[in-house]
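The lines below spell out each chain.
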Amino acid sequence: AQVSITDSQVSATLPSRESVEILLHGATVISWKDASGAEKLWLSEGAVLDGSKPVRGGIPVVFPVFGTAPDHAATAKLPQHGFARSSRWEFLGKSTSESSGTKDGGDSSVKLDFGLSPNNLSEEAKKAWPYEFGLIFSVTLGREGLTTSIVVQNVGESVWEFQTLMHTYLKVKDISSILVSGLESASYVDKLTSPISTNMSPSSGNLTITAKTDRVYTPAGGPSDPVTVSDGRKKLYTVARDNLNEVVIWNPWTDAKTMGDFKPVDGYKQMICIEPGTVRGWQKLEAGESWEGGQIITAHY
Ligand code: TA6
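Residues numbered from 1 in each chain as written. Predicted model: local features only at pLDDT ≥ 70, side-chain atom pairs only at ≥ 80, totals over all residues. Heavy atoms only, no water.

The helix and strand tally for the chain stands at one helix and 21 strands. Expected size for 301 residues packed as a compact globule is a radius of gyration near 19 Å; at 19 Å, the chain falls within 12% of this value. With the C-alpha coordinates of the chain rotated into their principal frame, the extents come out at 50 × 45 × 35 Å. Taken over 301 residues, the chain has a buried fraction of 53%. Excluding contacts between residues fewer than 6 apart, the proportion of contacts in the chain whose partners are at least 24 apart in sequence is 65%. (Helix = DSSP H or I, 4+ residues; strand = E, 2+ residues; numbered from the N terminus. Rg over C-alpha atoms; globule rule 2.2 N^0.38 Å. Buried < 20%, exposed > 50% of the residue type's maximum accessible area, 1.4 Å probe, protein only. Contact = heavy atoms within 4.5 Å.)

Now for the site of the ligand. Taken together, Arg56, Phe66, Gln80, His81, Arg85, His167, Lys191, Asp214, Val248, Trp250 and Glu275 are the residues near the ligand. Here an oxygen atom of the ligand sits 2.9 Å away from a polar atom, N or O, in the side chain of arginine 56. Lysine 191 has a polar side-chain atom sitting 3.2 Å from an oxygen atom of the ligand. Residues of the shell around the ligand, tallied by class, amount to three nonpolar, three polar and five charged. (Near = heavy atom within 4 Å. Polar contact = N/O pair within 3.5 Å; in protein donor to acceptor, adjacent residues only side chain to side chain. Nonpolar A, V, L, I, M, F, W, Y, C, P; charged D, E, K, R; others polar.)

When you tally the buried positions in strand β20 (residues 271–285), you get eleven out of 15 residues, the bulk of the element. Direction of pairing for strand β10 (residues 160–166) relative to β20: antiparallel, over a ladder of five bridges. The residue of β20 that forms the bridge with phenylalanine 162 is glutamine 283. Inspection of the sheet shows strand β11 (residues 168–171) paired to β20 by four bridges, in the antiparallel sense. From the neighbouring strand, lysine 171 faces β20, where its bridge partner is methionine 271. Taken together, the five bridges between strand β19 (residues 246–251) and β20 define a ladder with antiparallel strand orientation. Across the sheet, residue valine 248 finds its bridge partner in β20, namely glutamate 275. (Pairing = 2+ DSSP bridges.)

Our next topic: the UniProt feature "active site" (unreviewed entry) in the chain. When the UniProt feature table is mapped to this numbering, "active site" (unreviewed entry) covers His167 and Glu275. Spanning 109 residues, the named residues nonetheless gather at one spot, since no C-alpha pair among them exceeds 4.8 Å. Within the secondary structure, histidine 167 is located in the loop between β10 and β11. Discounting residues that sit within four places of it in the chain, histidine 167 has contacts with Gly58, Ile59, Pro60, Val62, His81, Trp250, Cys273 and Glu275. With respect to the secondary-structure elements, glutamate 275 resides in strand β20. (UniProt positions renumbered as here; feature names shortened; annotations may be inferred.)

Here the focus is the UniProt feature "binding site: substrate" (unreviewed entry) in the chain. Sequence positions flagged by UniProt for "binding site: substrate" (unreviewed entry) are, in local numbering, Arg56, Gln80 and Arg85. The greatest C-alpha distance among the residues just named is 13.5 Å, despite their covering 30 residues of sequence, which places them together in space. When its relative accessible area of 16% is taken as the criterion, arginine 56 is described as buried. Filtering out sequence-adjacent residues up to four positions away, arginine 56 remains in contact with Trp42, Leu43, Ser44, Ala47, Tyr169, Trp250, Met259, Asp261 and Phe262. Among the polar contacts made by the side chain of arginine 56, one reaches the side chain of tyrosine 169 at a distance of 3.0 Å. The residue glutamine 80 is located in the loop between β5 (61–62) and β6 (90–97) in this model. Here glutamine 80 falls in the partly exposed class, since its relative accessible area comes to 45%. Here glutamine 80 is in contact with Gly67, Thr68 and Arg85, once residues within four sequence places are set aside.

Take a look at the structure:
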């Protein structure tokens with residue numbers, strides 16, 4: 001694999017031509033292309049990439065809180081979705097693997113590791129969340145897909161708790177023909193109702209996106225049931241989870257026009273956010289403990 005490192009990003013390309021680009025800002029994956037060069041992630045044309053704000057698109061890393069949690073004392077003072085996506089991470093290194101099956105030889109996958117700890121945080125973030133933590137975010141580019149995983153370590157003396165989520169913007173041709181399956185008989189929180197309601201999704205049928213959608217699903221099958229995004233009968237993506245109990249489905253629909261960095265304003269027709277995470281309740285970490293979770297995205301086209 002070819003890996004190039006600049007002051008702002010790390011890029012990797014496999015011998016079979018798949019590629020990935022990750023900004024050190026937020027350890028945000030901003031591009032994932034298949035062997036033909038087709039981009040799989042949606043990135044706003046108005047995305048700010050200079051580190052001054054979270055990236056609108058790609059795969060922002062959400063930690064230690066999903067959304068805002070005004071009634072959760074430890075994270076109430078943090079910005080929406082926490083500080084991980086707004087901090088400058090360190091590139092820790094790469095490792096490649098060569099599966100015997102590679103016909104043309106060469107690496108069949110490359111793993112890129114990124115680290116975040118308190119000394120990477122702004123003073124205000126450290127004051128707002130004064131816990132001794134370590135994060136390792138890994139991006140593994142393979143021939144069939146992309147895996148992103150996070151290891152959360154409590155390197156301090158006191159217990160603390162967190163939420164984490166991978167806020168993945170998947171690229172689609174036309175949202176009006178998209179079907180999402182794998183959420184049958186899952187309970188979900190609909191964030192667009194007030195008061196916020198908890199519902200059961202139908203035991204059959206696919207979810208279609210025909211308006212603004214913002215739902216936190218907890219699939220009944222546990223933290224590994226895959227979610228599949230199809231365009232009509234054609235499978236586009238399968239998103240499997242590892243130790244992440246929830247998956248958030250979001251599309252801003254015409255509210256996109258209220259977000260200055262969401263460009264073009266009708267770009268919501270070309271994206272769907274499928275966001276694996278652990279966001280209902282809090283993961284508790286005792287001193288010295290660590291926790292891992294991840295997503296495995298397979299692109300079928
Ligand atoms: O994942 C869905 C969500 O929580 C939505 O409620 C919306 O706020 C979206 O994240 C984007 O949040 P952001 O802070 O990136 O604008």
